Amino acid sequence: GDSVTQTEGLVTVTEGLPVMLNCTYQTAYSDVAFFWYVQYLNEAPKLLLRSSTDNKRTEHQGFHATLHKSSSSFHLQKSSVQLSDSALYYCALRNSGGSNYKLTFGKGTLLTVTP
Amino acid sequence: DPKIIQKPKYLVAVTGSEKILICEQYLGHNAMYWYRQSAKKPLEFMFSYSYQKLMDNQTASSRFQPQSSKKNHLDLQITALKPDDSATYFCASSPGQGVSNERLFFGHGTKLSVL
């Protein structure tokens, strides 16, 4: 089945500095879409950005990610983090093959932004 | 106004008892899901339904039974509760068009504690 790997469980960054949250994946399907969800404390996860196009940069709320099928990656980046970016970030994928009614999430990365 | 309503928000149960988690969505979506989030397994997929039909089931235990009385309802019945069932249960929905880049919308969750 599909799998998503987020290598860092916890990332701490000083306000104003850049950050990259890693996401790699394994899937047997070529028609797949990738998502980053953000979950603030005591809130529901919500979509941050998504992409299904190889080598195309996707941006939202200052964050960006580029799907690279050659390296099976969909890393999330921001050039200058803010205190309000502190949250749990999930990378996820869905394929349109075996089961397109299942969004597979990674284990999440907790981003803490310090003053 | 929340478009995905989960009831109750908090639930305390005793080991061995049975509880039903309620989920209603008012987004006009055709697909609904249950996910579970705990410290051990963040955002774990449980079930997906489309037009009230079970599409995918990743829950090994038959103690977890989804119930769909209407297209916009997907309740979760849990029997013989165990302390390990303690988690936040998120209901989600999506348009259900079967495309890979379709996003999920999450409810605010039901936090279940089993004593």
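Cut-offs used in this document
Residues numbered from 1 in each chain as written. Chains lettered and ligands numbered in written order. Predicted model: local features only at pLDDT ≥ 70, side-chain atom pairs only at ≥ 80, totals over all residues. Heavy atoms only, no water. Buried < 20%, exposed > 50% of the residue type's maximum accessible area, 1.4 Å probe, protein only. Helix = DSSP H or I, 4+ residues; strand = E, 2+ residues; numbered from the N terminus. Pairing = 2+ DSSP bridges. Core = buried A, V, L, I, M, F, W, Y, C linked by side-chain atoms within 4.5 Å. Contact = heavy atoms within 4.5 Å. Polar contact = N/O pair within 3.5 Å; in protein donor to acceptor, adjacent residues only side chain to side chain. Axes fitted to C-alpha atoms, helices over the stretch in contact; angles between N-to-C directions.

Enquirer: Help me out: how do you make sense of the pairing of strand S4 (residues 31-37) of chain B in this one?
Expert: Strand residues, when the strand is regular, have side chains that alternate between the two faces of the sheet. All names here are of chain B. Counting buried positions along S4 yields 7 of 7 residues, so the element is predominantly enclosed. Burial along S4 is two-sided: the face carrying Ala31, Tyr33, Tyr35 and Gln37 and the face carrying Met32, Trp34 and Arg36 are both buried. Sheet analysis places S4 next to strand S5 (residues 44-50), joined by 6 bridges and oriented antiparallel. Directly across from Tyr33, in S5, lies its bridge partner Ser48. What sits between S4 and S5 in their antiparallel hairpin is a turn of 6 residues, with Leu43 showing a positive phi close to 40 degrees. Direction of pairing for S4 relative to strand S9 (residues 87-94): antiparallel, over a ladder of 7 bridges. Counted as the bridge partner of Arg36 is Tyr89 from S9.

Enquirer: Just to check I follow, could you spell out the nonpolar core for this structure?
Expert: Residue and element names in this part refer to chain A. Formed by 25 residues in total, the largest nonpolar core has its most connected members in Trp36, Leu48, Leu49, Phe74, Leu76 and Tyr89. Taken together, the elements giving at least two residues each to this core come down to strand S2 (10-14), strand S3 (19-21), strand S5 (32-39), strand S6 (46-51), strand S8 (63-66), strand S10 (87-95) and strand S12 (109-114). Not counting chain neighbours up to four residues away, the residues in contact with Leu76 comprise Val19, Met20, Leu21, Trp36, Leu48, Leu49, Phe63, His64, Ala65 and Tyr89.

Enquirer: Help me understand the side chain of Gln25(B), please; the structure alone is not making it clear to me.
Expert: All names here are of chain B. Examined against the element boundaries, Gln25 turns out to sit in strand S3 (residues 19-25). Separated by 3.0 Å, the side chain of Gln25 and the backbone nitrogen of Leu27 make a polar contact. With near-sequence residues (within four places) excluded, Gln25 lies in contact with Lys3, Ile4, Met32, Lys71, Asn72 and Ser93.

Enquirer: Honestly, the sheet that holds strand S7 (residues 57-60) of chain A in this entry has me stumped. Any pointers?
Expert: Strand pairing in a sheet takes place through backbone hydrogen bonds and is either antiparallel or parallel in direction. Residue and element names in this part refer to chain A. Across the sheet, 4 strands lie side by side as S3-S9-S8-S7; this open sheet has antiparallel pairing. Where the open sheet ends on each side, the last strands, each with one partner, are S3 and S7. The mean angle between the axes of side-by-side strands here comes to 20 degrees, regardless of whether they run parallel or antiparallel.

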